[in-house]
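Listed here are the chains, written in short residue letters.
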There are 2 protein chains.
Amino acid sequence: MRQRITELLVAKAEEQVVTVAGWIRTRRDTGDFSFLEVNDGSTLINMQVIADKSLGNYEEEVKKLSTGCSVMVEGVLKESPAKGQSVEVHASSVTVVGWADPETYPLQKKRHSLEFLREISHLRPRTNAISAVARVRSRLSYAVHNFFQEKGFTQVHTPIITTSDCEGAGEMFQVAATGKDGHFFGAPAGLTVSGQLQAEVYATALGDVYTFGPTFRAENSNTSRHLAEFWMIEPEMAFCDLQGDMEVAEEMLKYVLADVLEHCVTDMNLFDKFISKGIIERLQSVLAHDFARVTYTEAVDQLLASGQKFDFAVKWGIDLQSEHERYLTEQVYKRPLIVTDYPAAIKPFYMRMNEDGKTVAAMDILVPGIGELVGGSQREERYDLLAERMEAAGLDLEEYGWYLDLRKYGTVPHAGFGLGFERLVQFVTGMANIREVIPFPRTPGFAPC
Amino acid sequence: MRQRITELLVAKAEEQVVTVAGWIRTRRDTGDFSFLEVNDGSTLINMQVIADKSLGNYEEEVKKLSTGCSVMVEGVLKESPAKGQSVEVHASSVTVVGWADPETYPLQKKRHSLEFLREISHLRPRTNAISAVARVRSRLSYAVHNFFQEKGFTQVHTPIITTSDCEGAGEMFQVAATGKDGHFFGAPAGLTVSGQLQAEVYATALGDVYTFGPTFRAENSNTSRHLAEFWMIEPEMAFCDLQGDMEVAEEMLKYVLADVLEHCVTDMNLFDKFISKGIIERLQSVLAHDFARVTYTEAVDQLLASGQKFDFAVKWGIDLQSEHERYLTEQVYKRPLIVTDYPAAIKPFYMRMNEDGKTVAAMDILVPGIGELVGGSQREERYDLLAERMEAAGLDLEEYGWYLDLRKYGTVPHAGFGLGFERLVQFVTGMANIREVIPFPRTPGFAPC
């Protein structure tokens, strides 16, 4: 049985016989022995293996090891005299499991650009940066589950294939089965753009629920911010208003940030050093302060008063663009900012109408470097008002009868939000392009593997 | 702020003022006061609320409350003198939040058939059985994450939309964007049938990984065992053989069973009483024994020797049918059974060829009441043997170049398995039809909401 390097690094300093299995990052020869840097993916940190010429296969094999070769090493774990590492393995045997021809293996010792790595998405997790993203992403995902489960929320798996179009927009992928006559599901079906409507079904039965699943947009956007397939976290809470919604969202974000700073120290140091200098301090600062809060109307006034020139002109009623959002959170507030009470006309039909009759109980959380990270609202729980807005949005009330039934029978105030998981991973890692933070990005013209 | 009933049930017996919010299950009047059974979805157990005629809205509202109405109750929590409940609330106010017209509300006090409830999937989580399934499903999901995260596995989100067809079969849903010329992704794309191939990419970089995501089959099967959309858990482990694979699978199943028996006592009692008598004892028995192990060849001999009559005749080389699997695990072994080393001809191309040249290092875990719960294998890590089998399976080696690269560069022995999550929920709850254990089942001709 192999032992993981991440566990050996914190092992007792006493000498012990260990087995390490992984991939060669580098080999350095020095007279009578070689230093092998072995990585097993459990941590960014390589195990230094000292292989000397007494090994039976030293000349024949060990001295031919190159980046990417897989090896199984047995030896003694010892304190390392070298700077920057705690332990090393003095090999009693080095078994070559698989070779990697240095003439053709695309990953070499030199640093590769993230753009180049995107073209070889099946090999890029073997690099420091992308493996660090993978570990941080996994920890963030787990932290999200821990947060909601500890708070007594029930996870609900809302459907991926759906006959509803949550946003009332048309950017939906169509799903069909080859060779089937008519519709497989008896009606046109597509890939979900949000699990919210179905999460409402469960919130109005179980109280507090959350989803964590893939969502889709058939949008022809080839930008660093868009994916055709991405993961969303969507909590939905019965007997909850916009105030409670904002509190849970802020608490959740702080919980997962603190968690990843605690559990992913090595990986976070890499991002801090090579990807986005100072990111650890910026995340710590997020933890240390309350999120700012401002209404949409106040925010528009602030943008107008700023004298700042924007590509997209500001006036009450516009949908805030990324440039506006980032200006507010980065320049005006310099911390996460919750903007509330947007004009009803630019928000979906299900958001609860405010007393003023023109804004809705919506909230977006904007964060520096990203813009919108969370979008949420209190939902319209009043049957007549909801039906009216659905009709205005051109929805077929009969088709959405199930959604209206939630208001017809034992309706309750409820609220929820959506967190784009990849945006969260970007926020934490400082990765500028969203394609770096999902294992296999799907974008227009691009879905290899 | 409301308090959850599940928390109040374990609250100190001291009298305290509480707020309970939920839905009326029943109302019973008795002269000067009414008993309201209120459920908030946090537990199966209703809170008994005692509302007396001194309440201002007693005659006007409280006495009109019916099943499904939503209420907010303030009052004093007291020890209950009634049998079978620990506490009750003496209401100082009962606010009706939403009515549910008893003339039209489909859920009434009487017991509804599971078939009927399937037709109203947006209301069925308001019933005891389906809400219990939802809570158990959520706990099982969390237990799966806990198991793998505690063992140091990294969760990987493999793609939903893919241009690969893992099983080499054609039962794939096609994905397209309306109004787009040609292919949105530049090539025909479909919904994944398994995340395994992509999980192998990450296992051969990070070591131990797992996926937990939706998978799809465009199969025209209208049975109690099939869904067009279901969730799979797929761990994949580097430097692992079939032996290690079986050990992790057995350990995982026992971990999640023990977890749910510990954390979902009330819900499990419901299943034990009303859905599948004795299920708790059967699950405890699974925990208490090692899984049996048998090779496919031995299993076929046992089936032949049994004298049992099967619809599908047994001979070496057949794919075991559900009737065979259930006979083995229910009649012969009477416990979970791992069948290994299946004929290569009936298994996918990626399974590792055994020394005999005719069987592969595959394993299926069969459990009583379900049949196959887990299917796994050691993967073929030898480039030439894999390429040969891919060609025999009619796969385009160039298209799968990324998959072959994992063997070309630093190949390692590795293994993994797939666990159908809904089958696991069925196994734990005893639900006979798979449509009861997923919130919104998708089957041929059926995808409402």
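The shown structure was predicted, so the numbers you read here are calculated from the model rather than taken from an experiment.

Caption draft 1: Region of the structure containing helix α9 (residues 322-332) of chain A. Residues and elements named next belong to chain A. Three or more residues of α9 are buried, namely H324, E325, Y327, L328 and T329. At its buried positions, α9 is contacted by α8 (296-305), β13 (337-340), β14 (362-367) and β15 (371-378). At the C-terminal side of α9, K334 shows a positive phi close to 55°.

Caption draft 2: Up close: helix α4 (residues 196-206) of chain A. Residue and element names in this part refer to chain A. When you tally the buried positions in α4, you get 11 out of 11 residues, the bulk of the element. Of all the residues in α4, the buried ones are Q196, L197, Q198, A199, E200, V201, Y202, A203, T204, A205 and L206. Looking one or two residues beyond α4, the residue adopting positive phi is G207, at roughly 100°.

Caption draft 3: Seen up close, the interface of chain B and chain A. Chain B puts 104 residues into the contact, and the matching count from chain A is 104 residues. Summed over the three residues of chain B that lose the most area to chain A, namely B:H157, B:F239 and B:Y409, the buried surface amounts to 10% of that side. Our count for the chain B to chain A interface comes out at 4 salt bridges. There are 49 residue pairs in polar contact (both at pLDDT 80 or more) connecting chain B and chain A. Looking at the side of chain B that touches chain A residue by residue, the classes come out as 54 nonpolar, 35 polar and 15 charged.

Caption draft 4: Structural detail: the packing of α8(A) against α9(A). Residue and element names in this part refer to chain A. Orientation of α8 relative to α9, taken along the N-to-C sense of each, is 80°, at an axis distance of 11 Å. Considered as vectors, α8 and α9 are oriented roughly perpendicular to each other. Of the residues in α9, those in contact with A299, Q302 and L303 of α8 are H324, Y327, L328 and V332. A per-class count over the contact of α8 with α9 returns 5 nonpolar, 2 polar and no charged.

Caption draft 5: Focus on the sheet that holds strand β6 (residues 154-155) of chain A. Residues and elements named next belong to chain A. The strand order across the open sheet built from 8 strands is β6-β10-β11-β16-β15-β14-β13-β12, with neighbouring strands paired in mixed fashion. The open sheet terminates on both sides in strands that have one partner only, identified here as β6 and β12 (292-295). Where strand β11 (residues 229-238) meets strand β16 (residues 414-420), 5 bridges bridge the pair, whose relative direction is antiparallel. The residue bridging E236 from the neighbouring strand is G416, located in β16. Across the sheet, helix α5 (residues 242-263) lies against β11, β12, β13, β14, β15 and β16, angled at about 30° from β16, the strand it touches most.

Caption draft 6: Structural view of the packing of aromatic side chains. Applying the stated rule across the entire model yields 40 aromatic pairs over all chains. Among the aromatic side chains, those forming a connected cluster through ring pairs are A:F147, A:F148, A:F153, A:Y210 and A:Y255. Taking the ring centre of B:Y342 as reference, the NZ or CZ of B:K347 above it sits at 4.3 Å.

Caption draft 7: Examining the domain arrangement of chain A more closely. All names here are of chain A. As far as domains go, chain A holds domain 1 (5-98) and domain 2 (124-436). Each of domain 1 and domain 2 was reduced to a C-alpha centroid, and the two centroids are 45 Å apart. Between domain 1 and domain 2, the contact holds 6 residues from the first and 9 residues from the second. Taking both partners together, domain 1 and domain 2 bury about 590 Å²; carbon and sulfur atoms supply 49% of that area. Applying the counting rule to domain 1 against domain 2 returns 3 residue pairs in polar contact (both at pLDDT 80 or more). For the side of domain 1 that touches domain 2, the residue count by class is 2 nonpolar, 3 polar and 1 charged.

Procedures and definitions
- Residues numbered from 1 in each chain as written.
- Chains lettered and ligands numbered in written order.
- Predicted model: local features only at pLDDT ≥ 70, side-chain atom pairs only at ≥ 80, totals over all residues.
- Heavy atoms only, no water.
- Buried < 20%, exposed > 50% of the residue type's maximum accessible area, 1.4 Å probe, protein only.
- Helix = DSSP H or I, 4+ residues; strand = E, 2+ residues; numbered from the N terminus.
- Contact = heavy atoms within 4.5 Å.
- Buried area = accessible area lost by both parts, 1.4 Å probe.
- Salt bridge = Lys/Arg side-chain N within 4 Å of Asp/Glu carboxyl O.
- Polar contact = N/O pair within 3.5 Å; in protein donor to acceptor, adjacent residues only side chain to side chain.
- Nonpolar A, V, L, I, M, F, W, Y, C, P; charged D, E, K, R; others polar.
- Axes fitted to C-alpha atoms, helices over the stretch in contact; angles between N-to-C directions.
- Parallel < 35°, antiparallel > 145°, perpendicular 65-115°, else oblique.
- Pairing = 2+ DSSP bridges.
- Phe/Tyr/Trp six-rings, centres within 6.5 Å; stacked < 30°, edge-to-face > 60°.
- Lys NZ or Arg CZ within 6 Å of the ring centre and 35° of its normal.
- Domains from an automatic or database assignment.

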